[in-house]
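Close look at the chain arrangement
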Amino acid sequence: MIAVTGATGHLGGRVARGLADRGVPIRLVARDASRAPQLDGVEVVGGASYRDGEAMRRAFDGASTVFLVSAKEEEHRLEVHRSAVEAAAAAGVERIVYTSYAGAAADCVFTFGRDHFNTEQIIKSTPVAWTFLRNNIYVDYVPFFAGADGVIRGPAGDGRVAAVAREDIAACADEVLASDGHENATYVMTGPEAFTLAEAAEVVSRHAGRPVRYEVETMAQARASRAPSGAPAWEIEGWVTTYAAIGAGELDELSGDVERLTGRPPIGLEQFLESNPDSYSHLAA
Ligand SMILES: NC(=O)c1ccc[n+]([C@@H]2O[C@H](COP(=O)([O-])OP(=O)(O)OC[C@H]3O[C@@H](n4cnc5c(N)ncnc54)[C@H](OP(=O)(O)O)[C@@H]3O)[C@@H](O)[C@H]2O)c1
């Protein structure tokens, strides 16, 4: 039985539906059970916040594998992840499949990416086998890089990003969860191409039918332009370094892993926008 966390969210919800369609026994693990997808014959365990180690251990009890969706960003997210990982180990699960981040490293430019690397290390320090899906930026988010004024602002320079569709990550997750041979393997989830933000602006502009452009910011300008949000410094740093990581080349690797796992080429920006016109409705002319 596979315990699926994050099932109330976009990625975990898709993964749960995909596994249910394959007839794989699953249990949905959620903070709020009433918000989990209703799937025939699938048990839902609520009250499971990653921070609550005892609730997580009970939720994972009897599972052979845990699909661990990384938590919403917070200042001490690593401790949140540590709690969930230790609960999975205490429950005696055999494997954790964790949604990590492309370019994750102890000192990567993307500050939230450091949490992902350190979470990988925590998982590796347990006796539990692991599979890491190192996800690039969701292509689903690319249209939202542009504000209502049609400008993408960020310190990404001319860097390239191999953005990947959530749908493709979910399909890969279903494959590595439902089949054998993925123990202690890392897969890098990328789209079919790596584009600059100027190129992304051009593609989004064509679909939205209005001008969209990319304006390079310095780090100082990027921090200042986000300050009015009132968000705490650690969060603004995460937002800003999302772009800086592109500029530093942390997100330009094309891996081919999506096609190897799913047997079909990954969805690119053009294809995503064609199938998801709602994704750029905030830019409507
Ligand atoms: N690659 C990227 O571009 C990118 C972008 C943004 C985020 N991410 C990361 O990828 C993860 C999955 O993406 P998504 O699109 O599926 O996000 P999402 O739709 O926001 O779903 C996140 C899921 O994780 C659950 N969750 C978050 N924090 C939790 C905690 N502390 N304890 C228990 N459950 C928790 C949420 O539960 P609730 O419904 O109870 O909140 C929800 O089910 C995100 O959580 C984030 O870490 C990646």
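Please refer to the structure higher up on the page.
So, a few notes on the structure that sits alongside this text. Given the structure is predicted, the values throughout are model-derived calculations rather than measurements. (Residues numbered from 1 in each chain as written. Predicted model: local features only at pLDDT ≥ 70, side-chain atom pairs only at ≥ 80, totals over all residues. Heavy atoms only, no water.)

Describing the site of the ligand
Rules: Residues are labelled near a given molecule or strand when at least one of their non-hydrogen atoms is within 4 Å of it. The definition of a polar contact used here is a pair of N or O atoms within 3.5 Å, where within protein one atom must be able to donate a hydrogen and the other to accept one, and adjacent residues in sequence count solely through side-chain atom pairs. For accessible areas, the Shrake-Rupley method is used with a probe of radius 1.4 Å. Any residue's cover is judged against the shown protein chains and nothing else. The way it works is a 1 Å grid over only the protein atoms, where trapped points that fit a 1.4 Å probe form a cavity and open points with protein on both sides within 12 Å along at least five of seven lines form a pocket, and then any residue with an atom within 4 Å of a point lines it. Placement in a cavity or pocket follows one criterion, namely that more than half of the molecule's atoms lie within 2 Å of its grid points. The helix count covers DSSP runs of H or I at least four residues long, the strand count covers runs of E at least two residues long, and both are numbered beginning at the N terminus. Three classes are used, and their members are as follows: Ala, Val, Leu, Ile, Met, Phe, Trp, Tyr, Cys and Pro are nonpolar, Asp, Glu, Lys and Arg are charged, and the others, Gly among them, are polar.
As a structural note, the neighbourhood of the ligand is formed by 24 residues, with Thr8, His10, Ser70, Tyr138 and Arg166 the closest of them. Taking tyrosine 50, its main chain carries an N or O atom lying 3.0 Å from a nitrogen atom of the ligand. Look at the ligand: alone it shows 890 Å² of surface, and the protein chains cover 84% of it. With respect to the detected pockets, the ligand is housed in the largest pocket. Residue assignment for the shell around the ligand shows that the elements contributing at least two residues are α1 (10–21) and α3 (77–90). Of the residues that constitute the shell around the ligand, the class distribution is 11 nonpolar, seven polar and six charged.

With respect to the packing of α3 against helix α4 (residues 111–124)
As a reminder of what qualifies: Each axis is a line fitted through C-alpha atoms, taken for helices only over the stretch in contact, and angles between the N-to-C directions span 0 to 180 degrees. Angular relationships are summarised with four words: roughly parallel below 35 degrees, roughly antiparallel beyond 145, roughly perpendicular across 65 to 115, and oblique for the angles in between. Here a crossing is taken to be left-handed if its near helix is turned anticlockwise relative to the far helix by less than a right angle, and right-handed if that turn runs clockwise. A contact between two residues is defined here by any heavy atoms of the two lying within 4.5 Å.
In the contact formed by α3 and α4, the axes pass within 9 Å of each other and the chain directions differ by 25°. Put simply, α3 runs roughly parallel to α4. Crossing geometry of α3 relative to α4 is assigned as right-handed. Side by side, α3 and α4 meet where Arg77, Leu78, His81, Arg82 and Val85 of the first sit next to Phe112, Asp115, His116, Asn118, Thr119, Ile122 and Ile123 of the second. The residue makeup of the contact of α3 with α4, split by class, is five nonpolar, four polar and three charged.

Overview of the pattern of salt bridges
Formally: Only one rule defines a salt bridge in this text: a Lys or Arg side-chain nitrogen within 4 Å of an Asp or Glu carboxyl oxygen.
Summed over the entire model, instances satisfying the criterion amount to 20 salt bridges. Its salt-bridge partner being arginine 57, residue glutamate 54 comes within 2.9 Å of it at the nearest N-O pair. Of this pair, glutamate 54 and arginine 57 are both found in helix α2 (residues 53–60), three residues apart, which corresponds to roughly one turn of the helix. Through salt bridges with shared partners, a single network forms among Asp149, Arg153, Arg213 and Glu215.

Overview of the packing of aromatic side chains
Condition: Note on ring pairs: Phe, Tyr and Trp rings are taken, using the six-membered ring of Trp, and paired if centres are within 6.5 Å. Classes follow the plane angle, with under 30 degrees stacked, over 60 edge-to-face and the rest tilted. Three exposure classes are used, based on accessible area relative to the maximum for each residue type with a 1.4 Å probe and protein chains only: buried under 20%, partly exposed in between, and exposed over 50%.
Evaluated as defined, the whole model comprises seven aromatic pairs. Measuring from centroid to centroid gives 4.4 Å for tryptophan 130 and phenylalanine 132, while their planes differ by 15°, and the two rings are stacked. Pair check on accessibility: tryptophan 130 and phenylalanine 132 agree, each one buried. Feature note: the residues Tyr101, Phe110, Phe112 and Trp234 constitute an aromatic cluster, connected by ring pairs.

Details of the packing of α2 against α3
With their axes 8 Å apart at the nearest point, α2 and α3 run at an angle of 45° to one another. One finds that α2 runs oblique with respect to α3. Seen from above, α2 lies across α3 with right-handed handedness. Facing α2, whose interface residues are Gly53, Met56, Arg57 and Phe60, α3 presents Ser83, Ala84, Ala87, Ala88 and Ala90.

Here we look at the pairing of strand β5 (residues 95–101)
As a reminder, the rule being used: Any two strands with at least two DSSP-identified bridges between them are counted as paired. Seen with its strands pointing away from the viewer, a crossover is right-handed when the path leading from the first strand over the helix to the second is clockwise.
The buried count for β5 comes to seven of seven residues, which makes it a mostly enclosed element. Burial along β5 is two-sided: Arg95, Val97, Thr99 and Tyr101 facing one way and Ile96, Tyr98 and Ser100 facing the other are all buried. In this structure, strand β4 (residues 65–68) lies alongside β5, joined through four bridges in parallel fashion. Counted as the bridge partner of valine 66 is isoleucine 96 from β5. Traced from β4 through α3 to β5, the parallel crossover comes out right-handed.

As far as function goes, none of this settles anything; it's purely spatial.
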